[in-house]
Amino acid sequence: MSWTRSLITALAVCVALLAGSAGCGPSDARGQDGKPSSPAGELLDERDEEGSPYREVDAEDAPAVGVEVTPDTDGGWDVRLTVRNFRFSPDGTGGRAVAGRGLAHLELNGRRVALLRTPEYHLPGDSVPRGTHHVTARLYADDGSVWAVDGEPVESTADITVSDQEPSPDPSAAPMGTEPPEPARGTDGRGHGGGRGSAGGDEQA
């Protein structure tokens, strides 16, 4: 799927690597190793590029994130996140991991450009020069750990390709992006993605 306005093309491709949020189950719930499982997951040895550890949680009722990128009339880009089973923590929140809560790191071509406690952000036009760029949103807990499932971070990436000329308005154009997909469930009952429309999910629009 592609979206074109003048000679600028915004191509958003879902590369959603969605991981689980924790359920608030009974305190005596057991994990696969027979030990009590934590609603806030378990820290892994794996770390992201900045050294933050992954926080593994069950895939069922996992947090999920989608990215929508829309060019504006001033040459910049409006970024909007859609989340499921996740709420943004307000500024000043303590540094303790709570299931389904935290903030998002927004990256451009692998470089962090913002810490988001709201689902919207504006990328200036001069930060996105000619060429193809990758806009990635990754979900973190309030203690700085990365929400993850099956050893993969909860994140989504949209690709945008910019030509030489400035954008011009096109009323027929629609914004492009990714949304958290429906959870895929196997025979073990585990979901492999954050659920769009999943019951009981907290949505931050």
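Note that this is a predicted model, so its numbers are computed, not measured. Here the residue numbering is sequential within each chain, running from 1 through the sequence in written order. Per-residue local features are limited, in this predicted model, to residues with pLDDT of at least 70; the limit for side-chain atom pairs, both in listing and counting, is 80 or more; totals at the level of whole chains, interfaces and linings are taken over all residues. For the side-chain quantities, the full set of heavy atoms in the structure was used; hydrogens and water were omitted.

## As for the environment of valine 65
Turning to step 1, where the next piece is worked out: Structurally, valine 65 is set in strand S5 (residues 64–71).
Turning to step 2, where the next piece is worked out: Looking at valine 65, the relative accessible area reads 0%, which means it is buried.
Turning to step 3, where the next piece is worked out: Here the alpha-carbon distance between valine 65 and leucine 139, two residues 74 residues apart in the chain, equals 7.6 Å. In this text, helices come from DSSP runs of H or I with a minimum length of four residues, and strands from runs of E with a minimum of two, each type numbered from the N-terminal end. Only protein chains enter the area calculation, which uses a 1.4 Å probe; residues under 20% of their type maximum are buried, those over 50% are exposed, and those in between are partly exposed.

## What to know about the pairing of strand S11 (residues 131–140)
Turning to step 1, where the next piece is worked out: Across the 10 residues of S11, 7 count as buried, placing the element largely inside the fold.
Turning to step 2, where the next piece is worked out: Two strands pair when backbone bridges link them, and strand S8 (residues 101–108) and S11 are joined in this way by 6 bridges, in the antiparallel orientation. Of the residues in S11, the one forming a bridge with histidine 105 is arginine 138.
Turning to step 3, where the next piece is worked out: Note: S11 against strand S14 (residues 155–162), 8 bridges, orientation antiparallel. Within the sheet, the bridge partner assigned to glycine 131 lies in S14 and is valine 162. By this definition, two strands are paired if DSSP reports at least two bridges between them.

## Topic: the pattern of salt bridges
Turning to step 1, where the next piece is worked out: What counts as a salt bridge is simple: a side-chain nitrogen of Lys or Arg found within 4 Å of a carboxyl oxygen of Asp or Glu. Applying the stated criterion across every chain yields a total of 8 salt bridges.
Turning to step 2, where the next piece is worked out: A salt bridge links arginine 80 to glutamate 120; the shortest N-O distance between them is 2.3 Å. Here arginine 80 is found in strand S6 (residues 77–84), whereas its partner glutamate 120 is found in strand S10 (residues 120–123), with 40 residues between them in sequence.
Turning to step 3, where the next piece is worked out: Owing to a relative accessible area of 28%, arginine 80 belongs among the partly exposed residues under this scheme.
Turning to step 4, where the next piece is worked out: Taking the relative accessible area as the measure of exposure, glutamate 120 reaches 49% and is therefore partly exposed.
Turning to step 5, where the next piece is worked out: Note that arginine 138 and glutamate 155 form a salt bridge whose closest N and O atoms lie 2.7 Å from each other. Linking arginine 138 in strand S11 with glutamate 155 in strand S14, this pair joins segments that are 17 residues apart in sequence. Neither residue differs from the other here; arginine 138 and glutamate 155 are each classed as buried.
Turning to step 6, where the next piece is worked out: Through salt bridges with shared partners, a single network forms among Asp48, Glu49, Glu107, Arg138 and Glu155.

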